[in-house]
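Each chain, written out:
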Amino acid sequence: MSPEEFPLAPKEPAGAEDAQPGRIATVAGRPDGPGAAAYCWYCYQPNPHPTGECTTCGQRIEPPAGTTATDIELWALSHPDADRRRQAVHQLGARHEPRAARPLHGLVTSDHTDPELAVAAMYALVDICGRDACMATLDHVAATGPGPVRAAAFHLLST
Ligand SMILES: [Zn+2]
């Protein structure tokens, strides 16, 4: 099954999903298919069951009550599954979510293991904050980032 069949959050207008935390609270802990692991809200470790105690950290696997779709997207920025991280970056950038600015900045400046994600995070950060507010960050990664990240920073600086 492709990840597209299991979107991270419901495709609804921003704000609408936040009004129904009870429904979306099950999303983060939900398996991505038959036999797939459910990831712990607290430690991101996979579990064989979608709810209950985490086999690694002992916390509840599912998100706490009141968790919003945006909270889940922010959580997914650190997800062990690269596709979930990338999906969260795109969704948060498309919605111009201000709470994503700090973690996206972290992905842009410190994630050298996944340059493709760092590039996506850079574009999302510019979407959220505007290019002018990102100039110092773009200058920094244009000088220090891995190849694809440098190239994207130069592109953004020159447009
Ligand atoms: Zn855990």
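A brief report on the enclosed structure follows. (Residues numbered from 1 in each chain as written. Predicted model: local features only at pLDDT ≥ 70, side-chain atom pairs only at ≥ 80, totals over all residues.)

### Quick notes on the overall build of the protein
Basically, it comes down to this: Segments assigned H or I by DSSP are reported as helices when at least four residues long, segments assigned E as strands when at least two residues long, and all are numbered from the N terminus. Here a residue counts as buried when 20 or more other C-beta atoms sit within 10 Å of its C-beta, as exposed when there are 12 or fewer, and as partly exposed otherwise, the C-beta atoms being derived from the backbone. We call two residues in contact whenever the C-beta atoms placed from their backbones are within 7 Å.
Each helix and strand counted, the protein has 7 helices and 2 strands in total. Mapped from its N terminus to its C terminus, the protein presents α and β elements in the order α-β-β-α-α-α-α-α-α. Within the protein, the proportion of its 159 residues that are buried is 33%. A separation of at least 24 residues holds for 51% of the contacts in the protein among residues at least 6 apart in sequence.

### Some words on the environment of Thr55
Take Thr55: it is sitting in the loop between strand E2 (46-47) and helix H2 (69-76). The sequence separation of Thr55 and Cys40 amounts to 15 residues, and the corresponding C-alpha distance is 9.0 Å.

### Things to note about the environment of Ala37
Along the polypeptide, Ala37 turns up in the loop between helix H1 (21-24) and strand E1 (38-39). With 16 C-beta atoms counted inside 10 Å, the residue Ala37 sits in the partly exposed group. Separated by 10 residues in sequence, Ala37 and Asn47 place their C-alpha atoms 5.3 Å apart.

### A word on unusual backbone geometry
Backbone geometry places Tyr44, a non-glycine residue, at a positive phi of 65°. Of note, Tyr44 is situated in the loop between E1 and E2. You can call Tyr44 partly exposed: it has 16 C-beta atoms within 10 Å.

### Here's the deal with the nonpolar core
Rules: What we call a nonpolar core is a set of buried Ala, Val, Leu, Ile, Met, Phe, Trp, Tyr and Cys residues whose membership is set by joining through C-beta atoms within 7 Å.
In this structure, Val89, Leu104, Val108, Ala121, Met122, Ala124 and Leu125 are the most contacted members of the largest nonpolar core, which totals 34 residues. Mapped onto this core, the elements with two or more residues apiece are E1, H2, helix H3 (82-94), helix H4 (101-110), helix H5 (115-129), helix H6 (135-144) and helix H7 (147-158). Counting residues per element, this core draws most heavily on H5, at 9 residues. In contact with Met122, other than residues within four places in its own chain, are Val108, Ala152, Ala153 and Leu156.

### Observations regarding H3
Convention followed: Each helix should span, by expectation, one fewer than its residue count multiplied by 1.5 Å.
Between its first and last C-alpha, H3 extends 18 Å over 13 residues, near the 18 Å set by a 1.5 Å rise per residue. Among all positions in H3, only Arg84, Arg85, Gln87, Ala88, Val89, Gln91, Leu92 and Gly93 are buried. Those residues of H3 hidden inside the fold are in contact with H2, H4 and H5. Phi for His96, located one or two positions after H3, is positive at around 55°.

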